[in-house]
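Working through the structure, step by step
Below are the chains, spelled out letter by letter.
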Amino acid sequence: VGYFSLGVEPTGDQDPFGLRRATLGILEIIWLTQKSFPFDLLWDAWYTPKQQELISSEASERGRLRLKKYFEERLYNFGWQEIGKNKKSITPSADCIDAVLATPYTDLFDAMHRIAALHKMRTSKLVQSVKVIERTGNIIRGKKFNSDTIDVNLFEHSIENKLWNEYQQNHQNITDLTDRGAYEEATTLFGNVFHPILDEFFASVLVNAEDAAVRTNRLSLLKTINTLYTARIADLSKLRIAKEPQDEELVV
C-alpha cells in the first residue's frame, strides 16, 4: 500500500521490491483460507492523518485505484485451486474474470468466489442466465430514462404483469442466495425464472413504444431484472458463450 501510494509499482520485468510475488502470495492466502479481504478498508486503515500530511487525497486515490487494478490483473495468472482436500488446479477463463470484475465488489475473496462459481457452471443452465442478461442489457444499453420506478398502471399487456409478478415473487430468493454467496444456485434460479418468460415478453411487447411513459416503464422493468444479477454477481454478457452457438455441454 505504501509503495503504490508513492507511485512505486512493478513495471515490465522490473520489480526490485518483490511486489508482484507479494501480491500473488496475498491472493493465495485469501483463497486457501477463504478469508474476507475488504480492499478499501485496508487502504483506509493505512491512510491515517499522519499519512494525509505526506500524501494528498488525490495521490492516495490514484494509488488505491492502481493497487486494486494490480490485484485484479494478477487474477489472470493466479494459481487457482479447488477448495478442499484435493486442491485440484482449476483455470478460470479470462472472460469469467472479466464478467465478475465488471460488477462492483468490496471484498476481493468474494470476487474470487464468484469467478470460481462461473467456472464451475458448464451446463445449459448458465446459458439461460446469459441470455437474460444479454437481451435485457442490449435493449437498455445507451437508453436514457429518468426513473427506475415500475408503474403497473402503465402495463398494456398481460405479459407485462406476468413478468413483474415473477420478479416480485423471486427477487428476494435470488437476493438471499446472493447474500449467502450461493452464486451457482442464484444463477440457476435467475435463469429458470426469467429466461422463458422473457421469450414470451419480447414476442408480444414492443419495448420502445411511442408513448414515452410506457416506453420508460418497460425499460425500467428490464433494467430492474438485469441489475438484480449484474449489480451483485457478474455481467454475463462478457462471457464468450454469449456470442457463440451453444452445445448442451459448455466450457466457460
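Refer to the structure above for everything that follows.
Residues numbered from 1 in each chain as written. Predicted model: local features only at pLDDT ≥ 70, side-chain atom pairs only at ≥ 80, totals over all residues. Heavy atoms only, no water.

1. Observations regarding the overall build of the protein chain
Helix and strand counts for the protein chain come out as eleven helices and zero strands. Viewed in the frame of its principal axes, the protein chain has a C-alpha envelope of about 65 × 45 × 30 Å. In the protein chain, which comprises 252 residues, the share counted as buried stands at 45%. Considering only intrachain contacts with a sequence separation of at least 6, the fraction spanning at least 24 residues in the protein chain is 75%. Of the accessible surface of the protein chain, which amounts to about 13,600 Å², a share of 50% is contributed by carbon and sulfur atoms. The positive charge centre, built from 31 side chains, and the negative charge centre, built from 35, are 4 Å apart in the protein chain. (Helix = DSSP H or I, 4+ residues; strand = E, 2+ residues; numbered from the N terminus. Buried < 20%, exposed > 50% of the residue type's maximum accessible area, 1.4 Å probe, protein only. Contact = heavy atoms within 4.5 Å. Areas by Shrake-Rupley, 256 points an atom, 1.4 Å probe, with all protein chains shown as cover. Lys, Arg positive; Asp, Glu negative; His and termini not counted. Charge placed at Lys NZ, Arg CZ, Asp CG, Glu CD.)

2. Re the environment of Gly-25
Within the secondary structure layout, Gly-25 lies in helix H2 (residues 19–33). A relative accessible area of 26% means that Gly-25 is categorised as partly exposed.

3. Side note on helix H7 (residues 108–120)
Since the α-helix advances by 3.6 residues per turn, residues separated by three or four positions end up pointing in the same direction. Between its first and last C-alpha, H7 extends 19 Å over 13 residues, near the 18 Å set by a 1.5 Å rise per residue. In terms of residue burial, H7 counts as a mostly covered element, since eleven of its 13 residues are buried. Within H7 the residues assigned to the buried category are Leu-108, Phe-109, Asp-110, Ala-111, Met-112, Arg-114, Ile-115, Ala-116, Ala-117, Leu-118 and His-119. Residue Asp-107 occupies the N-cap position of H7, its side-chain oxygen lying 2.9 Å from the main-chain nitrogen of Phe-109. (Expected span 1.5 Å × (residues − 1). Polar contact = N/O pair within 3.5 Å; in protein donor to acceptor, adjacent residues only side chain to side chain.)

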